[in-house]
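Residues per chain are reported as follows:
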Amino acid sequence: MPPPADHALTEARIAAALWAPRTPEGLGPEPSRDRRFAIYRNNVQHGLSRALAARFPVIERLVGVAFFAAMARVFAASHPPRSPVLLDWGASFAGFLATFPPARSLPYLPDVARLEWLRGLAYHAPDAAPADPAKLGQTDPERLVLRLAPSVQAFAAASPAVSLWRLNQPGAAPEPLRAGPEQALIARNPGLAVLVEPLTAESHSLLCALLQGLPLAEAETDPTPLLALLIRHQLITEIGETP
Amino acid sequence: MSPRLPDAPGLGFKPEHFRQALGAPVAFYEVHAENYMGAGGAPHAMLERLRAAHALSIHGVGLSIGGAAPLDPAHLSRLKALLDRYQPESFSEHLAWSSHGAAWLNDLLPLPYTDQTLATICAHIDQTQEVLGRRMLLENPATYVTFADSTWAEADFLREIARRTGCGLLLDVNNVFVSAVNHRTDPRAYLADFPLALVGEIHLAGHEAETLEDGPLLIDSHSRPVADPVWTLYAEVIARTGPKPTLIEWDNDVPDFETLLAEARRAEALLAGQRDVHAA
């Protein structure tokens with residue numbers, strides 16, 4: 001009897017066969033080996049495809065279930081998860097969509113995918129207690145520095161990705177879509193739901209500045225609309241002053 | 001004695017059932033560890049409240065204990081942090097592998113049962129139990145293929161792993177049935193050889209069936225009610241062991257909470273009969 005194949009070699013054969021239509025060597029004598037092994041191949045490919053669809057539901061809605069599943073298999077084979085924590089998988093999906101030839105006719109897809117990825121980041125971001133907004137009135141406005149909740153994300157796209165995302169929510173009322181850039185604040189509210197709030201280009205620039213820790217006084221636009229949004233959703237975690 | 005799961009039915013926790021699950025008369029809930037490895041937000045908020053009201057089992061699907069490569073120390077650290085935070089009554093993992101190279105393969109993949117894989121798995125379990133500072137349970141797999149090189153029967157392999165490492169076993173009765181049908185063997189012979197004294201938890205789940213040229217192929221889909229032959233085997237197992245913590249797993253095509261409760265009640269009816277017998 002030949003010595004048993006090395007464990008690592010057996011594993012490598014199986015891993016390769018999960019993405020190729022060839023059943024690995026070394027299986028037992030049972031009939032229908034191809035069909036039996038195909039269960040594992042299907043579990044891996046279908047499982048990853050469903051995990052990606054759960055993270056990017058609007059992309060699936062925009063391209064259709066069958067197209068999404070086929071695309072997800074290509075993505076999973078070329079950009080597999082690097083850890084068992086699947087909620088960390090998919091950061092490169094938007095970039096993949098930008099270069100995936102069959103999706104070229106839908107140039108807004110990468111923008112929508114970026115928005116959905118940021119929603120996921122906001123959903124899982126660390127918890128942080130909000131600051132008391134009364135402190136805003138007690139601080140010298142010229143020296144005001146805000147720290148925002150870890151869930152706050154600034155989103156901007158050259159396409160109307162925010163409207164497209166909203167129109168593809170379950171039960172969304174149809175509304176006309178206008179070409180052109182859009183921006184949004186993405187964050188988790190105190191009820192732990194993720195919100196996508198459209199922003200003007202000016203408020204988006206200000207949000208980016210605040211996320212970098214710049215003092216509010218350096219804002220070149222009226223900060224009121226953005227501050228109102230941040231206060232309403234309790235997204236300010238620290239109200240401080242520059243030294 | 002360290003806390004343990006109650007000898008009663010539990011359910012796999014589904015976030016969509018949170019409100020009903022929180023107050024339901026369910027002895028314990030089980031969650032997949034990897035779904036709670038984000039930093040914060042709703043998953044942890046729900047699990048905190050659920051854990052405060054119920055016993056908890058944390059079930060890992062990502063450690064790749066049956067893999068040839070060393071365990072991922074980053075993943076072990078994440079597990080340790082999760083277990084330290086929630087202090088579950090039980091932690092379990094699988095006799096399977098799911099990582100290869102840098103890629104995670106998202107399925108519980110099969111391995112040959114040889115002296116070499118036995119040594120690797122035992123080293124992985126020793127390391128896991130040491131890092132986590134607790135005894136773990138190892139679950140028997142549902143398999144669709146066997147390996148020409150296997151020299152150990154699965155039940156003997158599991159018994160030897162438990163003997164060498166001190167780990168306990170998680171007996172998935174549906175996996176026993178699925179594997180036995182798929183490999184044309186007798187599930188009762190398997191259970192007769194299985195070291196039931198080491199079982200710390202039982203899993204029950206539904207499967208799907210298709211037909212091959214030489215007979216049926218069952219797929220461990222967790223998408224249906226527990227099948228009647230699996231209930232029969234379960235009744236036979238607990239007649240030997242007495243009542244055990246028993247989890248209903250239903251992870252795909254998840255039904256409403258009432259349907260899950262009905263499955264738990266069916267398990268409870270069988271457990272109650274054994275409580276009477278074993279108390280007498």
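Definitions and limits used
Residues numbered from 1 in each chain as written. Chains lettered and ligands numbered in written order. Predicted model: local features only at pLDDT ≥ 70, side-chain atom pairs only at ≥ 80, totals over all residues. Domains from an automatic or database assignment. Contact = placed C-beta atoms within 7 Å. Helix = DSSP H or I, 4+ residues; strand = E, 2+ residues; numbered from the N terminus. Nonpolar A, V, L, I, M, F, W, Y, C, P; charged D, E, K, R; others polar. Pairing = 2+ DSSP bridges. Axes fitted to C-alpha atoms, helices over the stretch in contact; angles between N-to-C directions. Parallel < 35°, antiparallel > 145°, perpendicular 65-115°, else oblique. Left-handed = near helix turned anticlockwise from the far one by under 90°.

1. Describing the domain arrangement of chain A
Once the domains are mapped, chain A shows domain 1 (1-106) and domain 2 (127-243). The gap between the C-alpha centroids of domain 1 of chain A and domain 2 of chain A is 37 Å.

2. Observations concerning the interface of chain A and chain B
In this complex, chain A contributes 41 residues to the contact, which on the side of chain B involves 40 residues. Breaking the side of chain A that touches chain B down by element, the ones donating at least two residues are helix H1 (7-17), helix H2 (33-55) and helix H6 (109-124) of chain A. With 11 residues, H2 of chain A is the single largest residue contributor to the side of chain A that touches chain B. Per-class residue counts for the side of chain A that touches chain B are 24 nonpolar, nine polar and eight charged.

3. Some remarks on the sheet that holds strand S4 (residues 194-199) of chain A
Residue and element names in this part refer to chain A. The sheet built from three strands is open, its strands ordered S2-S3-S4 with antiparallel pairing. The strands lining the two open edges of the sheet, one partner per strand, are strand S2 (153-157) and S4. Mean inter-strand twist for the sheet, computed between neighbouring axes without regard to direction, equals 25°. Here strand S3 (residues 182-188) pairs with S4 via six bridges, running antiparallel. Across the sheet, the residue bridging to Leu185 is Glu197, located in S4.

4. Points about the packing of helix H3 (residues 73-86) of chain B against helix H4 (residues 115-132) of chain B
All names here are of chain B. Relative to each other, H3 and H4 sit at 40°, their axes nearing to 9 Å. By the angle between their axes, H3 is oblique relative to H4. As for how H3 packs across H4, the hand of that crossing is right-handed. Every residue of H4 that contacts H3 at Leu76, Leu79, Lys80 and Leu83 is listed here: Thr128, Val131 and Leu132. Looking at side-chain class alone, the contact of H3 with H4 contains five nonpolar, one polar and one charged residues.

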